[in-house]
Amino acid sequence: MTIFDELQQAIRAEEPVALATVVDGANVGAKLLVRPDEDPGGTLGDPDLDRVVARDVLGELAAGTSGVRHYGEHGEARERSVSVFVETFAAPPQLLVFGAVDFTGALVRLGKVLGYRTTVCDAREVFATKARFPFADEVVVDWPHRLLERVGADLGPRDAVCVLTHDPKFDVPAVIAALETDVGYLGAMGSRRTTEDRNRRLRGEGVTDQQLERLMAPIGLDLGARTPEETAVSILAEIIAARTDKPAPSLKDADGSIH
Amino acid sequence: MREILNDLDRWRRAGTRAAVARVVDVEGSGPRAPGAAMAVSEDGEVVGSVSGGCVEGAVVTEALEIIDSGDRRIVTFGYSDDDAFAVGLTCGGTIHLFIEPLDW
């Protein structure tokens, strides 16, 4: 298999992979394909350089960054005779949407546009169908908190959980389970009254005010969004703002009507 | 490069020669981050982008030359205010592209 075939296969399988290419110095164009827990493929033309670059690339892969690194001909640090462009292809971030409601379809569709791997989860099998959510990568019929028992440990800062059911029977255990994870964004849909009621129930289950700070509810930015598509934009924009730590006006921090 | 992978695969399968240009470094304000890529086939088909549309035309010319010559090189585009017709980025940044044949 060529380097291109291996790269393509890993990206299609959504496995993390990085491609290192010499862009200046000896052996311009030489390539090394690096994957966690596997021997690198190809060569940059020097075994010591390969070893050092493979080690550095694993760090870039974890951070999801791409850029040029400089080395000596045999991988020496603080030398610049060889420039290597490292392009990382991290597995796509996860968007878990709980509740198979009207808003879910739009959120999943726009989430795909932003590059998320999307999962819809709802315990009600008549609603949670692939036919209703053709853009979802996965549709799971189960209680959301049970799904989180299985996949919660894999969630990290790039991932998002959106709770759209607005039924406390499903929402309360789902939010409690999501708070146990390292997920980067957690939001829950509902009016101000639904939000107050949910927060009261969550506190009753032992959730602290500090933990509630993490829960973006009512979910989304204060854009006056009305349709499912507009609401999806306001939610995804809030997710972006959370990641970039920019001061965008969240509904959570505003007063009055949410639309 | 993820976005153009299907097109690269299609060209490879058809035996169509092509060149790939990837953003490897950006100084100052640049529209696309390292990893943004475009590719040009020997028939002049273009996929992907490396800027907001500012330098793509010049990249096509470079890429077609690279398909013929087999060279691989870094090509730099920056802002130039002394020649209104020079190819550059209006945002004021500088981008470094690595352009090479799709032969790997």
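Side note on the overall build of chain B
Helix and strand content of chain B: 2 helices and 5 strands. Ordering the α and β elements of chain B from the N terminus gives α-β-β-β-α-β-β. Here chain B, with 104 residues, has 45% of them falling under the buried criterion. Summed over all atoms, the accessible surface of chain B reaches about 4800 Å², with 46% contributed by carbon and sulfur.

Section: the side chain of Arg35 of chain A
Residues and elements named next belong to chain A. Turning to its location among the elements, Arg35 is positioned in the loop between strand S2 (31–34) and strand S3 (41–43). The buried category is assigned to Arg35, whose relative accessible area is 15%. When residues no more than four places from it in sequence are discounted, the contact partners of Arg35 are Glu6, Ala10, Glu15, Pro16, Val17 and Leu58.

Considering the interface of chain B and chain A
The interface is formed by 18 residues belonging to chain B together with 23 residues belonging to chain A. Here chain B meets chain A over a buried area of about 1800 Å², counting both sides, of which 64% is carbon and sulfur. When the area that chain B buries against chain A is broken down by residue, the three leading residues are Arg2, Leu5 and Trp104 of chain B, summing to 35%. Among the salt bridges present, the one from Arg12 of chain B reaches Asp5 of chain A, with a minimum N-O distance of 3.5 Å. On the surface where chain B and chain A come into contact, there are 9 residue pairs in polar contact (both at pLDDT 80 or more). Among the secondary structure elements, those contributing two or more residues to the side of chain B that touches chain A are helix H1 (5–14), strand S1 (18–27) and strand S5 (94–101) of chain B. By residue number, the principal contributor to the side of chain B that touches chain A is H1 of chain B, which donates 5 residues. Grouping the constituent residues of the side of chain B that touches chain A by class yields 10 nonpolar, 2 polar and 6 charged.

Remarks on the packing of aromatic side chains
Here the structure, examined in full by the defined rule, presents 2 aromatic pairs over all chains. With a centroid separation of 5.8 Å and an interplanar angle of 65 degrees, the aromatic rings of Phe4 of chain A and Trp104 of chain B are classed as edge-to-face. Taken together, the residues Phe4 of chain A in helix H1 (residues 3–12) and Trp104 of chain B in the segment after S5 connect one chain to another. Here Phe4 of chain A and Trp104 of chain B have matching classes, each one buried. A ring pair is formed by Trp143 of chain A and Phe170 of chain A, whose centres lie 4.9 Å apart and whose planes are at 45 degrees; its orientation type is tilted.

Here's the deal with the pattern of salt bridges
Note on pairing: side chains with opposite charge can pair once their charged atoms come close. All names here are of chain A. This structure, assessed with the given rule, holds 33 salt bridges over all chains. Residue Arg35 is joined to Glu6 by a salt bridge in which the shortest nitrogen-to-oxygen separation is 3.3 Å. Of this pair, Arg35 sits in the loop between S2 and S3 while Glu6 is found in helix H1, placing the two residues 29 residues apart along the sequence. By the burial criterion, Arg35 is buried, and Glu6 matches it. Note that Asp197 and Arg200 form a salt bridge whose closest N and O atoms lie 2.7 Å from each other. Placement of both Asp197 and Arg200 in helix H6 (residues 192–204) is noted, with a separation of 3 residues, approximately one turn of the helix. On the basis of relative accessibility, which here comes to 52%, the residue Arg200 falls in the exposed class.

Quick notes on the sheet that holds strand S1 (residues 17–24) of chain A
All names here are of chain A. The antiparallel open sheet is built from 5 strands, whose spatial order is S3-S2-S1-S5-S4. Looking at strand neighbours, the two that pair on one side only are S3 and strand S4 (67–71), the edges of this open sheet. Each neighbouring strand pair of the sheet contributes to a mean axis angle of 25 degrees, computed without reference to strand direction. Two strands pair when backbone bridges link them, and S2 and S3 are joined in this way by 3 bridges, in the antiparallel orientation.

Describing H1 of chain B
Residues of H1 of chain B that are buried: Leu5, Asp7, Leu8, Asp9 and Trp11 of chain B. Of the surrounding elements, those touching the buried residues of H1 of chain B are H1 of chain A together with S1, strand S2 (37–41) and strand S3 (46–48) of chain B. At the C-terminal side of H1 of chain B, Gly15 of chain B shows a positive phi close to 70 degrees.

Looking at the packing of helix H3 (residues 102–113) of chain A against helix H8 (residues 228–244) of chain A
Residue and element names in this part refer to chain A. Interhelical geometry of H3 versus H8 gives an angle of 55 degrees and a closest axis separation of 8 Å. Relative to H8, the element H3 lies oblique. The element H3 and its partner H8 pack so that their crossing is right-handed. Facing H3, whose interface residues are Asp102, Phe103, Ala106, Leu107, Arg109, Leu110 and Gly111, H8 presents Pro228, Glu229, Thr231, Ala232, Val233, Ile235 and Leu236.

Observations regarding the domain arrangement of chain A
Domains assigned within chain A are domain 1 (3–89) and domain 2 (94–253). Computed over C-alpha atoms, the centres of domain 1 of chain A and domain 2 of chain A are 36 Å apart.

Rules behind the numbers
- Note that residues are indexed from 1 along each chain, following the sequence as it is written.
- Chain letters and ligand numbers both follow the written order, the letters beginning at A and the numbers at 1.
- Restriction of local features to residues with pLDDT of at least 70 applies here, the model being predicted, together with a cutoff of 80 or more for giving and counting side-chain atom pairs; totals for whole chains, interfaces and linings are based on all residues.
- Calculated side-chain values reflect all of the structure's heavy atoms, with hydrogen atoms and water omitted.
- Numbering of helices and strands runs from the N terminus; a helix is a DSSP stretch of H or I covering at least four residues, while a strand is a stretch of E covering at least two.
- The buried label goes to any residue with under 20% of its type's maximum accessible area, the exposed label to any with over 50%, and the partly exposed label to all in between, with areas taken from a 1.4 Å probe on protein chains only.
- In short, Shrake-Rupley with a 1.4 Å probe defines the accessible areas, and a residue's cover is counted only from the protein chains shown.
- Should any heavy atoms of two residues lie within 4.5 Å, those residues are considered in contact.
- Note on definitions: buried area is the accessible-area loss of two parts on being combined, 1.4 Å probe, summed for both.
- By convention in these notes, a salt bridge is any Lys or Arg side-chain nitrogen within 4 Å of a carboxyl oxygen on Asp or Glu.
- Counted as a polar contact is a pair of N or O atoms within 3.5 Å, where, for protein atoms, one must be capable of donating a hydrogen and the other of accepting one, and residues adjacent in sequence contribute only when both atoms are in side chains.
- Throughout, the ten residues Ala, Val, Leu, Ile, Met, Phe, Trp, Tyr, Cys and Pro are labelled nonpolar, Asp, Glu, Lys and Arg are labelled charged, and all others, Gly among them, are labelled polar.
- Between the rings of Phe, Tyr and Trp (Trp by its six-membered ring), a pair exists once the centres lie within 6.5 Å; its type follows the angle of the planes, with under 30 degrees stacked, over 60 edge-to-face, and the other angles tilted.
- When DSSP finds two or more bridges between two strands, those strands count as paired.
- Note on method: axes are straight lines fitted to C-alpha atoms, helices fitted across the in-contact stretch only, with angles between N-to-C directions ranging 0 to 180 degrees.
- The cut-offs work like this: below 35 degrees is roughly parallel, past 145 is roughly antiparallel, 65 to 115 is roughly perpendicular, and the gaps in between are oblique.
- Should the near helix be turned anticlockwise from the far one by less than a right angle, the crossing is termed left-handed; should it be turned clockwise, right-handed.
- As used throughout, domain bounds are those supplied by an automatic or database domain assignment.

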